[in-house]
Amino acid sequence: MLSPELGGSMKRREFITLLGGAAAAWPLAARAQKVPIRIGFLASGPAASLFVAYKIDLIKQGLSDNGLIEGRDYVLEVRFAAGNYKRFPELARELAQAGVSVVLANTPASVLAAQRLAPPVSVVMVAINDPVGVGLVASLARPGGHTTGTSNLNPDLTPKILEFVRIVIPKANVIAALINPSNPTHPAVLNDLRTQAGAIGITVIPFELQDPDALDAVLSSIAERHPDALQIVSDSGNLDLSDRIAALALARRLPAFASTPSFAKFGGLMAYGATVEPMFIRSGYFVKRIMDGTKPADLPVEQPTRIELWVNLKTAKALGLSVPQTLLATAAEVIE
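Residues numbered from 1 in each chain as written. Predicted model: local features only at pLDDT ≥ 70, side-chain atom pairs only at ≥ 80, totals over all residues. Heavy atoms only, no water.

A. Region of interest: the pairing of strand E10 (residues 270-273). On E10, burial covers both faces: Met270 and Tyr272 on one face and Ala271 and Gly273 on the other are all buried. Of the pairings in the sheet, the one linking strand E9 (residues 256-258) to E10 comprises two bridges and is parallel in character. Considered in E10, the bridge of Ala258 is made with Ala271. Judged from the four bridges that link them, E10 and strand E11 (residues 308-312) form a sheet pairing that is antiparallel. Bridge pairing links Met270 to Val311 in E11. (Buried < 20%, exposed > 50% of the residue type's maximum accessible area, 1.4 Å probe, protein only. Helix = DSSP H or I, 4+ residues; strand = E, 2+ residues; numbered from the N terminus. Pairing = 2+ DSSP bridges.)

As structure tokens, this is what we get:
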């Protein structure tokens with residue numbers, strides 16, 4: 001039989017041993033907890049843009065759809081260029097310093113800035129114009145390097161958009177084209193637009209917008225030329241101003257068209273193209289695959305399979321335009 005002193009001493013030793021084991025396990029448990037990765041997004045537009053906020057919500061939805069919970073699995077770091085594409089290299093470096101593992105980019109200039117980071121980070125393109133043609137990836141099937149993502153079909157939609165302009169405005173013979181001189185795809189797109197429009201008797205007058213603060217002045221200059229329509233040439237920075245462009249165009253009686261359907265959602269007259277919503281949501285798939293260890297070079301760049309027409313009837317009525325029922329019948333979205 002053990003003495004009370006000996007029994008008490010053993011109990012204390014057992015307690016100390018158990019306590020020591022638990023203390024040793026605490027750091028292990030803490031180390032086992034997953035640290036959220038940091039994901040960067042180089043936004044082309046300003047922080048106050050409704051369209052930018054819409055894109056961020058879509059990105060988060062895509063991450064959630066792939067089982068990634070904000071705060072637990074990732075932290076989203078957003079940097080806003082506010083239309084100044086020269087800031088992309090600086091903003092990309094800020095993201096690198098913040099420790100991001102993946103950068104989401106929505107225009108060629110931001111993709112290029114992210115690709116030039118050293119050491120390299122994974123880059124997920126979102127709805128990029130002609131990424132092969134501007135040298136961002138080697139090919140869609142085998143992108144190479146550290147980049148993958150989605151490409152849109154906007155450069156191929158010019159003939160159909162011109163057809164819609166003529167249907168809604170039969171006597172149209174002059175179109176103003178809003179372009180961003182910092183977008184390397186715009187010279188080719190503008191040249192194609194001029195060629196296609198000229199073939200049906202329409203003249204195209206380009207107007208440059210590089211600074212969002214100049215938007216009011218640029219739209220006023222366009223209105224002074226009295227074009228029959230305004231074509232927003234696809235560009236992330238311009239489209240991030242969709243709500244402002246649509247409002248200013250309406251105030252100046254300019255029917256505005258675009259190749260991003262959601263432009264109509266924000267007040268534009270009509271838009272025809274691949275919807276950006278699925279492409280932004282799809283970015284979550286690429287991020288998850290990269291997090292799981294897949295190299296971006298092994299993930300083919302995807303293109304949309306569905307092209308949609310969206311019409312804003314409220315805007316059409318405000319402009320005094322009649323949209324034929326036959327055209328409305330083909331629209332995926334009619335906003336009233």
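So much for the structure itself; the text now carries on.
B. Helix H6 (residues 186-199), seen in detail. For H6, built from 14 residues, the straight-helix expectation of 20 Å at 1.5 Å per residue is met to within 8% by its first-to-last C-alpha distance of 20 Å. Every buried residue of H6 is listed here: His186, Val189, Leu190, Leu193 and Ala197. Mapping the buried residues of H6 onto a view down its axis gives an arc of 95°, with all of them on the same face. Every exposed residue of H6 that faces more than 90 degrees away from the buried side is listed here: Pro187, Ala188, Asn191, Thr195 and Ala199. The elements touched by buried residues of H6 are helix H5 (158-168), strand E6 (174-179), strand E7 (203-208) and strand E8 (229-232). Directly after H6, the chain includes Gly201, whose backbone phi takes a positive value near 80°. (Expected span 1.5 Å × (residues − 1). Arc of directions from axis to C-beta. Contact = heavy atoms within 4.5 Å.)

C. View of the packing of aromatic side chains. Evaluated as defined, the whole model comprises seven aromatic pairs. Judged by centre distance (5.2 Å) and plane angle (70°), the rings of Phe51 and Phe266 are edge-to-face. Of this pair, Phe51 sits in helix H2 (residues 50-65) while Phe266 sits in the loop between helix H10 (262-265) and E10; the two residues are 215 residues apart in sequence, bridging distant segments of the chain. Per residue, the accessibility class of Phe51 equals that of Phe266, and both read buried. The structure contains a cluster of three or more aromatic residues connected by ring pairs, namely Phe51, Tyr54 and Phe266. Note that Arg282 overlies the ring of Tyr285, its terminal NZ or CZ placed 3.7 Å from the centroid. (Phe/Tyr/Trp six-rings, centres within 6.5 Å; stacked < 30°, edge-to-face > 60°. Lys NZ or Arg CZ within 6 Å of the ring centre and 35° of its normal.)

D. Region of the structure containing the sheet that holds E8. The strand order across the open sheet formed by seven strands is E7-E6-E8-E9-E10-E11-E12, and the pairing between neighbours is mixed. In the strand order of this sheet, the two ends are held by E7 and strand E12 (333-335), each with one partner. Geometrically, the sheet is characterised by an average inter-axis angle of 20° between neighbouring strands, direction not taken into account. Relative to E12, E11 is paired through three bridges, and the arrangement is parallel. Within E12, the position partnered with Trp310 by the bridge is Glu333. With respect to the sheet, helix H7 (residues 215-224) is in contact with E6, E7 and E8, its orientation differing from that of E7 by roughly 160°. (Axes fitted to C-alpha atoms, helices over the stretch in contact; angles between N-to-C directions.)

E. Just the packing of helix H3 (residues 88-97) against helix H4 (residues 108-115), in detail. Closest axis-to-axis distance for the H3/H4 pair is 9 Å, and the angle between their directions is 50°. With respect to H4, the axis of H3 lies oblique. Crossing angle aside, the handedness with which H3 passes H4 is right-handed. Where H3 approaches H4, its residues Phe88, Pro89 and Ala92 are matched on the opposing element by Ala109, Ser110, Ala113 and Ala114. Of the residues in the contact of H3 with H4, the class split is six nonpolar, one polar and no charged. (Parallel < 35°, antiparallel > 145°, perpendicular 65-115°, else oblique. Left-handed = near helix turned anticlockwise from the far one by under 90°. Nonpolar A, V, L, I, M, F, W, Y, C, P; charged D, E, K, R; others polar.)

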